[in-house]
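# Chains, contacts and geometry: an overview
Listed below, chain by chain, are the residues.
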Amino acid sequence: MSTTLWIIIAGAIATYLTRIGGHLVISRFENIHPRVEAGLNAVPAAVLTTLVAPAALGAGPAEWAALIVAGLVSLRGGLMAMFLAGAAVLVLARQFAG
Amino acid sequence: MLAEAISENRAKSDFWQGVRLSMPVVVASAPFALLFGAIAVDNGFSVLEAFLMSAMVFGGASQMVGIELFGQHVAPWLIVLSIFAVNFRHVLYSAGIGRRIAHWPLVQQAVGYFILTDPQFAVAERKAEAGETVGFAWYMGLGLPVYVFWVTESALGAVFGKLIPDTHALGIDFLLPIYFLGLVMSFRKRPLWLPVVVASAVASIIAYKTVGSPWHVSIGAVAGVLLAVILPPHHSGVEARP
């Protein structure tokens, strides 16, 4: 088997371990402490923010405009409306701001 | 008989409800799947290998990092370690989602964890937050289209990669941050949302500038989660629950 295939298989196993690992650890405990539960409830906002913040900081006016518009639309509209509005602003702004 | 027919109909409509919710994810991930296929072939993968990596790893950012290192002829174990590091955030996802899908049969859970990506986790978590049960049919409706399109488009990108026009002008490189911002916003009703977002943003930016990518994701995430753990429980609203 080629090295490439080994890398793919090992990478797939490593990824699956991360996707099941947290559950395997947590499920060993009978009761979940309220503080642990508070931590788990914070997971979505905590992780997803790290996927936005550095990217936003390193971006320019076109990207900032897109994020601001998307953020405002998300206060009222659904995920799809937010996404399309942000993407539209981004493409338009890049035509002018590069 | 009747009860069975009703529950089968129910599963079907749950599935299609999930499919509807998957559409923004399918749209947002399409450019990256095509791009991944194109870069993979550029960096020495065959079309089949690009297809296999998407089908088996199914994690966009980690595939990009892996393929980038592969092109630079880095040691294989280091490539695998990098894929692991980029995907390490999924440990937190699986710890969180385990509470929502523990009632499924084991095989279904095993499949469920395999397709546990960022949007899959966020959208499922939102459903649970609304007090609804996260069922297997709904969850697969949400995840299966994303998976099928991701794998197919990776292969298409690998075959037709050279045909993609200017990706910058099309905004492709910044679509995911926009989508993730929308997901962050969708959790704004949760207790401690703002302090957690601020802590994670600051920590991830500092880590990005000092330690570097991809560790800023894990470091920023841990900062936000730790803050929620440390602050008194009554702030988090956990105690208020029956």
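Residues numbered from 1 in each chain as written. Chains lettered and ligands numbered in written order. Predicted model: local features only at pLDDT ≥ 70, side-chain atom pairs only at ≥ 80, totals over all residues. Heavy atoms only, no water.

In this section: the UniProt feature "transmembrane region" (unreviewed entry) in chain B. All names here are of chain B. The feature "transmembrane region" (unreviewed entry), as annotated in UniProt, sits at residues 21–41, 74–92, 136–161, 167–185, 192–208 and 214–231 in this numbering. For residues 21–41, the helix share is 100%, the strand share is 0%, and the end-to-end C-alpha distance is 31 Å. A distance of 35 Å separates the end C-alpha atoms of residues 136–161, which is 96% helix and 0% strand. (UniProt positions renumbered as here; feature names shortened; annotations may be inferred. Helix = DSSP H or I, 4+ residues; strand = E, 2+ residues; numbered from the N terminus.)

On to unusual backbone geometry. For residues that are not glycine, phi is negative in most cases, and the peptide bond is trans in most cases. All names here are of chain B. Of note, Phe-58 is a non-glycine position whose phi angle comes to about 50 degrees, a positive value. When you line up the elements, Phe-58 lands in the loop between helix 2 (47–56) and helix 3 (60–71). Phi is positive for Leu-192, close to 70 degrees, though the residue is something other than glycine. Taking the relative accessible area as the measure of exposure, Leu-192 reaches 14% and is therefore buried. (Buried < 20%, exposed > 50% of the residue type's maximum accessible area, 1.4 Å probe, protein only.)

With that settled, the discussion passes to the UniProt feature "transmembrane region" (unreviewed entry) in chain A. All names here are of chain A. Mapped onto this structure's residue numbering, the UniProt feature "transmembrane region" (unreviewed entry) falls at residues 6–26, 38–58 and 64–93. Between the first and last C-alpha atoms of residues 38–58 the distance is 31 Å; the span itself is 81% helix and 0% strand. Helix makes up 93% of residues 64–93 and strand 0%, and the two end C-alpha atoms of the span are 10 Å apart.

Residues and elements named next belong to chain B. A cluster of nonpolar side chains, namely Val-47, Leu-156, Val-159, Phe-160 and Leu-163, defines an oily patch on the protein surface of about 470 Å² accessible area. Counting residues per element, the nonpolar patch draws most heavily on helix 8 (residues 136–160), which supplies three residues. Assignment of secondary structure puts Val-47 in helix 2. According to the relative accessible area criterion, Val-47 is partly exposed, its value standing at 34%. (Patch = residues over 30% accessible without salt bridge, like charges linked within 9 Å, V, L, I, M, F, W, Y side chains within 5 Å. Areas by Shrake-Rupley, 256 points an atom, 1.4 Å probe, with all protein chains shown as cover. Salt bridge = Lys/Arg side-chain N within 4 Å of Asp/Glu carboxyl O.)

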